[in-house]
Protein chains: 4
Amino acid sequence: MTEKINRIVLAFSGGLDTSVILKWLQQTYGCEVVTFTADLGQGEELEPARAKAQLMGVKQEHIFIDDLREEFVKDYVFPMMRSNALYEGLYLLGTSIARPLIAKRQIEIAKQVGADAVSHGATGKGNDQVRFELGYYALSPDIKVIAPWREWDLTSRTKLIEFAEKHQIPIPRDKRGESPFSTDANMLHTSSEGKVLEDPWEETPDYVYSRTVNPEDAPDAPEYITIDFERGDGVAINGVGMSPATLLETLNDYGRKHGIGRLDLVENRFVGMKSRGMYETPGGTIYHLAHRGIEQLTLDRGAAHLKDELAPRYAELIYNGFWFSPEREMLQAAIDHSQEKVTGTVRLKLYKGGVHVVGRKSPYSLYSEKVVTFEDDAGAYDQRDAAGFIKLNALRLRLLGRRDR
Amino acid sequence: MTEKINRIVLAFSGGLDTSVILKWLQQTYGCEVVTFTADLGQGEELEPARAKAQLMGVKQEHIFIDDLREEFVKDYVFPMMRSNALYEGLYLLGTSIARPLIAKRQIEIAKQVGADAVSHGATGKGNDQVRFELGYYALSPDIKVIAPWREWDLTSRTKLIEFAEKHQIPIPRDKRGESPFSTDANMLHTSSEGKVLEDPWEETPDYVYSRTVNPEDAPDAPEYITIDFERGDGVAINGVGMSPATLLETLNDYGRKHGIGRLDLVENRFVGMKSRGMYETPGGTIYHLAHRGIEQLTLDRGAAHLKDELAPRYAELIYNGFWFSPEREMLQAAIDHSQEKVTGTVRLKLYKGGVHVVGRKSPYSLYSEKVVTFEDDAGAYDQRDAAGFIKLNALRLRLLGRRDR
Amino acid sequence: MTEKINRIVLAFSGGLDTSVILKWLQQTYGCEVVTFTADLGQGEELEPARAKAQLMGVKQEHIFIDDLREEFVKDYVFPMMRSNALYEGLYLLGTSIARPLIAKRQIEIAKQVGADAVSHGATGKGNDQVRFELGYYALSPDIKVIAPWREWDLTSRTKLIEFAEKHQIPIPRDKRGESPFSTDANMLHTSSEGKVLEDPWEETPDYVYSRTVNPEDAPDAPEYITIDFERGDGVAINGVGMSPATLLETLNDYGRKHGIGRLDLVENRFVGMKSRGMYETPGGTIYHLAHRGIEQLTLDRGAAHLKDELAPRYAELIYNGFWFSPEREMLQAAIDHSQEKVTGTVRLKLYKGGVHVVGRKSPYSLYSEKVVTFEDDAGAYDQRDAAGFIKLNALRLRLLGRRDR
Amino acid sequence: MTEKINRIVLAFSGGLDTSVILKWLQQTYGCEVVTFTADLGQGEELEPARAKAQLMGVKQEHIFIDDLREEFVKDYVFPMMRSNALYEGLYLLGTSIARPLIAKRQIEIAKQVGADAVSHGATGKGNDQVRFELGYYALSPDIKVIAPWREWDLTSRTKLIEFAEKHQIPIPRDKRGESPFSTDANMLHTSSEGKVLEDPWEETPDYVYSRTVNPEDAPDAPEYITIDFERGDGVAINGVGMSPATLLETLNDYGRKHGIGRLDLVENRFVGMKSRGMYETPGGTIYHLAHRGIEQLTLDRGAAHLKDELAPRYAELIYNGFWFSPEREMLQAAIDHSQEKVTGTVRLKLYKGGVHVVGRKSPYSLYSEKVVTFEDDAGAYDQRDAAGFIKLNALRLRLLGRRDR
């Protein structure tokens, strides 16, 4: 900590924790702190963050507030969704996929303002510190990284509040007491974890959910929508073309209304422990299934199965923070190569927490009624070919059977 | 066909198709046909099959009707479920997993009665012919296999009906006309495909479903159940111990009632074409998610991620008919090795087509509240370790960044 | 065979077998046959093939003789070598990689001359029929494929000779008797199999080898060479820039001289049986190891390990004939993405059948003496970071150990 | 370091470094140090280690010297060799595979003598610290681990020598000066790295090699040997049955004589840097190829290809120190399942640094001359089956071609 730092770019939400960090950095390193606040669709006002930064002495030109919503969906969420990735079979990686973009923008700002360090508010037990810092180091190998939660002695909430009070940092009323759990939000999802959620046998109380209605309170009638895809990415809902962020936001509205995308998960963190999280991914859940739906029709079996085999690894890389790694980029190159004809329309039924693909069509469909039909296929497929196909597939098993059985 | 056959064991359902096959085999090969009818929980009376076989001249001692329900669930469904396998990300392999057991029993009977051939009623376009025949050949490499659908000239339903009438084969009233789709059923699932389902843009009509109520007609109140697992397999529901088949049957009842486990899928067949199927897997869908739930708590990350990477391959092997192959057995050995402590209880909420894991507990839990807690952890985890962890994980990315960025 | 064919493009080597096929096609299908003879560096004169085709009545403008050597190395051998693929851990895929190019050119010619069928001389037991035909079908889905060895009744060499004599087809003196084994050659390798090689316990007699001296007869002094790579492909030997084909040919000369690249293999064919082959891949063996050598220095660990995990699958795809498949192209996209900085020089020692990488250097080296040194590293690496790295990697194992040990 | 330690078990070679560590531990922690010296076939006298420990005040009953050679080969080397694992395509993991056994025995001794800590002499830059410590933590989750090289201030050789002199620790004459490189040895291999080897462009000087003659000095005549395998493990050489360690030692003699098993490698360490190592694995190199040879004949294709796909991951796990992990054990279970019939004899030719499998035979051979033969096979294989096999394998490519080409 005696190391000389000139200027630090802090990922700053404007909340209590990063406000305390802002002050602590100013004091501890005696240097300028530059704040960066990203709009990733978390649904909060960002201007209060500006006011707070100003109040704490950050120069006007050192307060960065960026709307990254379109970039987030277009360059991070959509590429990931092309892979059908699910971490540990279930989780749509909502937090994980936002971190690399924040890290990237922080490094860009650091270069712009001549900062030699970056800082974030993630704790020392979680995955986010890893995701932020792997991003920083990959993009700026010699940057200094300051992770206050691993360094300071504000090891309890009481101490944090004391520090805030001592330094005239405004404390939101609801932060005075213990928050019953911790959350993270962006356009793709909201996650909640900690405290009341720490016993994995206890059902998550309904008040934890903020992005979706309880399925029991969702409409009693199903609703049908269509999503159009082009080259693997969503481009329209119900025939209306939309930008990536607008499309995801629109799906979020549908998902919220129908109680879609709640997940209660015990997962394995990269840092080695199990944790329990509650995720709400309303639009992402719909989108994920719709993407599978259009791939069913337009993707060749060889491509589809290779994708399925690569997806767990790809998901793990994103979860662990390796977005900016050669191996993630290699997998992305393979996945993207497969998406050229993943174009068409998927029809979905939304009902009481459920999403059901009920129809798909495409100008590039590989499905051939003529070949598959139970009716006379006019020679499109010769059933006798199957005999040879089976015989040669069986040959090694027969040689084995003769030896072993 | 001029090949001399002495005795054939036919997989015989008692329905029109296999009745025609029975007669056709008797005529074409001029030899004794032995019938084998398996109870796999498909929910049909089997005694009519006996009567029908007798009527068509099969000797009393050559009519085999076996209740394989417990064996099916214990030795086929449960081992598969340990893997969390989903074919093409979604399908629980209900038809695929039944075929190897039928093939195995057919071969056992062939050995018992001294038959030199086996036969089945699967068509030349589907996967089932492959699954049956790879099983036959693996278990009895020199058996002769007769697949009438690939050989005869009864290439239309009209010809089939004519053949049946000519040979006094009873034709169920509802088989006279064209059935609007084709089905297969066992205790794990019912599949429907063909005809009215052949256009993948058209929503499946509700009358196709036979094993589940429409989610819209399911109870308006959620229902909670628990499943107990021991070493990776379900052993009790709501605390009541049950045999494998009883457990699955009980879950089927829950699933039916709550409209759980319907899937509309366009899939890639092993024989090279895409087809569209409608699956109902009520109990299996609940079981699958419950198994993931108990693994979340009791399975180490390394084991869990390796399983997730192997699962698509394992699913493909079962789908393609390679149950009796060394590579499926190798994967099974790896999977089974991981299940020793997969023991505990999962609590699930069933509601309107949805299954939600809401709690899990285990005497072998690897989840440690003490380690993960947001509160003071009394030294269980040293947050400063994370700094070194990140630094060394980043090292190669930094070296790369220095070169490339 | 009663199907009406108008014009057939035959892959024609000019040897006895394809000459008989040429005549047989003309007779059987009563149509024009177009011959295509490729120079893939197999080291045979091609003009005799022209004369032979003319003699058998093929029109001048229907005799195609193409030098494909540069295309072969640049677009097939080099992309494959970027993957480090070895089939079954040892085999450099010399035959497999040539087939797609032949198929592709045959289809091009078929389109050019308006042919509706293609034909080849591969037998019904081998892999090559599959490789040819998958290529044909992928590139021209409705082409007719004629595989005489699977169709005709010339099932013994005696009958073949009789047919040749009857139709005045010239029979090379050495083909009258039984050849002691069968060979295939191109610039990458020569394979030999069959007959005297069929007992896998018997050592391959030295006369089988045609492309390499016996290591025992190789020079008694080692020879050193360098290969320069750019973006994953070889571009120079001993500092002298060369085209792809010239580079491979030059390495073949070195390999031949030093007895490099002999392989005696029992392998698993795609058609289900084991076969024993003897391969000589002199230049390819040197190139393969050199490519690994330059990757060691320039490829990131994450990329390298992912490549190693994908390579067996990639090799299998090429061996099985799926060059023109989406999944091979996806893997290629991933592999190629990794090669951008695989640039530099490898130094190799060649001696008595052995190839040894003894040095490598690169402007894009990721190897850092400063970091790795046993000496004082001036802070390039903080050894204390390792403690945290190990602690967090161990965390899950400790939780597991507390439960299980 | 202020933590109270009662008793430490040190992995003690008797060399200068671990002698200094022994003294340093006694001084720093003021507690008893127990020494453990393992005979893993490194080819050094172990009694001097006893004398040295005694001299430094270690109690007679706290000096453990164990001959682990048979256990090492039987339970570590052979299981690994069953997998055909090669780290980064080339390295036989000679150092990696020894570390878990040392760790395991250290923990056993710690339990026996009531020690609460273990210590080792590996540095903070290498892989061995990770391998030791992951082993310790997996087997004894609450053990304290002391890694002096990461903790003390003896950061240069000069300081180390001064410390040794000050404490009357005997310094071997050849350790006074700088050793030109660092080595590690056990029965499987000797590794050398550092200093004169740090420039990866410089050829390794011949004096670095200690386990093999220079191939140029190897006998001018090849030598043939046979190895017999049973269930995947070597059991006899030239027909003479041997224990695992004797067998490996015998192969080492052959390898030494013929200059076999030298490898110059730039590899990726788990801690994130590239390093350059020189490995000699004489017997292991022969054994590895022989094992592949017997598998070629006895292992089914499905099993073989699955093994090939799993091997890079398995190798990585061992290299990274995860021997005692659930995922390594799962892979081992899969691999071991495949080895039941890997029984038979391999014949090898050894010559001037090269190992060549020239023959293999087995009572469980899956190779069928009858099926594969170029001659008349009497119906063992119907070539017409290949047509259907190809047609159905091509179907998806044709559907794709119709859409895309």
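Residues numbered from 1 in each chain as written. Chains lettered and ligands numbered in written order. Predicted model: local features only at pLDDT ≥ 70, side-chain atom pairs only at ≥ 80, totals over all residues. Heavy atoms only, no water.

(A) Structural context of the interface of chain B and chain C. The interface of chain B with chain C comprises 25 residues on the first partner and 25 residues on the second. When chain B packs against chain C, close to 2,300 Å² is buried across both sides, 61% of that on carbon and sulfur atoms. Per-residue buried area on chain B facing chain C is highest for L392, R396 and R403 of chain B; these three make up 26% of the total on that side. Connecting chain B to chain C are 5 salt bridges. A salt bridge links D404 of chain B to K341 of chain C; the nearest nitrogen and oxygen atoms lie 2.8 Å apart. At the boundary of chain B with chain C, the tally comes to 8 residue pairs in polar contact (both at pLDDT 80 or more). Within the residue set of the side of chain B that touches chain C, elements represented by two or more residues are α11 (301-320) and α14 (385-404) of chain B. Counting residues per element, the side of chain B that touches chain C draws most heavily on α14 of chain B, at 13 residues. Looking at the side of chain B that touches chain C residue by residue, the classes come out as 10 nonpolar, 6 polar and 9 charged. (Contact = heavy atoms within 4.5 Å. Buried area = accessible area lost by both parts, 1.4 Å probe. Salt bridge = Lys/Arg side-chain N within 4 Å of Asp/Glu carboxyl O. Polar contact = N/O pair within 3.5 Å; in protein donor to acceptor, adjacent residues only side chain to side chain. Helix = DSSP H or I, 4+ residues; strand = E, 2+ residues; numbered from the N terminus. Nonpolar A, V, L, I, M, F, W, Y, C, P; charged D, E, K, R; others polar.)

(B) Focus on the nonpolar core. Counting 401 residues, the largest nonpolar core has F72 of chain A, F72 of chain B, F72 of chain C together with F72 of chain D as the members making the most contacts within it. Ignoring sequence-local partners within four residues, the contact set of F72 of chain B consists of L40, V77, I97, A98, L101, N186, M187 and L188 of chain B. Grouped together as the second largest cluster of nonpolar side chains are 31 residues, W24, L46, A117 and I171 of chain C included. (Core = buried A, V, L, I, M, F, W, Y, C linked by side-chain atoms within 4.5 Å. Buried < 20%, exposed > 50% of the residue type's maximum accessible area, 1.4 Å probe, protein only.)

(C) Geometry of the packing of aromatic side chains. In the structure shown here, the tally under the stated rule is 54 aromatic pairs over all chains. Between W24 of chain B and Y29 of chain B the ring centres are 6.1 Å apart and the planes differ by 80°, which places this aromatic pair in the edge-to-face class. By the burial criterion, W24 of chain B is buried, and Y29 of chain B matches it. Ring pairing ties together the aromatic residues F270 and F322 of chain A, F389 of chain B, F389 of chain C together with F270 and F322 of chain D, which thus form one cluster. Between the NZ or CZ atom of K361 of chain A and the centre of the ring of W201 of chain B, over which it lies, the distance is 4.4 Å. Between R328 of chain B and the ring centre of W323 of chain B, over which it is positioned, the NZ or CZ distance is 3.5 Å. (Phe/Tyr/Trp six-rings, centres within 6.5 Å; stacked < 30°, edge-to-face > 60°. Lys NZ or Arg CZ within 6 Å of the ring centre and 35° of its normal.)

(D) Structural detail: the environment of G241 of chain D. Residues and elements named next belong to chain D. Here G241 lies in strand β10 (residues 240-241). You can call G241 exposed: its relative accessible area is 57%. With 18 residues separating them along the chain, G241 and G259 place their C-alpha atoms 25 Å apart. With residues near it in sequence (within four places) discarded, G241 still touches V235 and A236.

(E) Quick look at the UniProt feature "domain: Arginosuccinate synthase-like N-terminal" (unreviewed entry) in chain A. In this numbering, the UniProt entry assigns the feature "domain: Arginosuccinate synthase-like N-terminal" (unreviewed entry) to residues 7-170 of chain A. From the first C-alpha to the last, residues 7-170 of chain A spans 24 Å; its make-up is 48% helix and 15% strand. (UniProt positions renumbered as here; feature names shortened; annotations may be inferred.)

(F) A look at the packing of helix α14 (residues 385-404) of chain A against helix α14 (residues 385-404) of chain D. The contact between α14 of chain A and α14 of chain D brings their axes to 6 Å, and the two run at 100°. The orientation of α14 of chain A with respect to α14 of chain D, classified from their angle, is roughly perpendicular. Contacts between α14 of chain A and α14 of chain D involve D385, A386, G388, F389, K391, L392 and N393 of chain A from the first element and D385, A386, G388, F389, K391, L392 and N393 of chain D from the second. For the contact of α14 of chain A with α14 of chain D, a count of residues per class yields 6 nonpolar, 4 polar and 4 charged. (Axes fitted to C-alpha atoms, helices over the stretch in contact; angles between N-to-C directions. Parallel < 35°, antiparallel > 145°, perpendicular 65-115°, else oblique.)

(G) Representation of the packing of α11 of chain B against helix α12 (residues 326-337) of chain B in the model. Residues and elements named next belong to chain B. Their axes nearest at 10 Å, the elements α11 and α12 cross at an angle of 145°. Once α11 is placed against α12, the crossing between them reads as left-handed. Residue-level inspection shows K307, L310, R313, Y314 and L317 of α11 in contact with α12, the latter providing E327, R328, L331, Q332 and I335. For the contact of α11 with α12, the class distribution of residues is 5 nonpolar, 1 polar and 4 charged. (Left-handed = near helix turned anticlockwise from the far one by under 90°.)

(H) Inspection of the pairing of strand β14 (residues 354-361) of chain A at higher detail. Residue and element names in this part refer to chain A. Burial analysis of β14 places 6 of its 8 residues in the buried class, the great majority of the element. Across 7 bridges, the pairing between strand β13 (residues 344-351) and β14 is antiparallel. Along β14, the bridge assignment pairs T345 with K361. Counting the residues between successive antiparallel strands, the hairpin from β13 to β14 contains 2 residues, one of them, K352, with a positive phi of roughly 50°. (Pairing = 2+ DSSP bridges.)

(I) Representation of the sheet that holds strand β6 (residues 182-185) of chain B within the structure. Residues and elements named next belong to chain B. The strand order across the open sheet built from 4 strands is β6-β7-β12-β11, with neighbouring strands paired in antiparallel fashion. Of all the strands in the sheet, the pair left with one neighbour each is β6 and β11 (262-268). Pairwise comparison of adjacent strand axes, ignoring direction, gives a mean angle of 25° for this sheet. As paired elements, β11 and strand β12 (residues 274-280) share 7 bridges and run antiparallel to each other.

(J) Molecular detail of the interface of chain C and chain D. At the junction of the two partners, chain C supplies 105 residues and chain D supplies 105 residues. When chain C packs against chain D, close to 9,600 Å² is buried across both sides, 56% of that on carbon and sulfur atoms. Applying the counting rule to chain C against chain D returns 12 salt bridges. Between R402 of chain C and D142 of chain D there is a salt bridge, and its shortest N-O distance comes to 2.7 Å. Taken together, the connections running from chain C to chain D amount to 42 residue pairs in polar contact (both at pLDDT 80 or more).

(K) Up close: the side chain of R262 of chain B. Residue and element names in this part refer to chain B. Summarising the element assignment, R262 is placed in strand β11. Note on R262: relative accessible area 18%, which makes it buried. A polar atom in the side chain of R262 sits 2.9 Å from the side chain of T212. Residues within four places of R262 in sequence aside, it is in contact with D206, Y209, T212, V213, N214, P215, Y279 and E280.

(L) Summary view of the UniProt feature "binding site: ATP" (unreviewed entry) in chain A. Residue and element names in this part refer to chain A. Using the residue numbers shown here, the UniProt feature "binding site: ATP" (unreviewed entry) corresponds to A11, F12, S13, G14, G15, L16, D17, T18, S19, A38 and G121. Take F12: it is sitting in the loop between β1 (7-11) and α1 (16-29). Along the chain, G121 turns up in the loop between β4 (117-119) and α5 (128-139). Assessed through its relative accessible area of 26%, G121 is described here as partly exposed. Once you skip the residues sitting within four places of it in the chain, G121 turns out to touch T18, I21 and W149.

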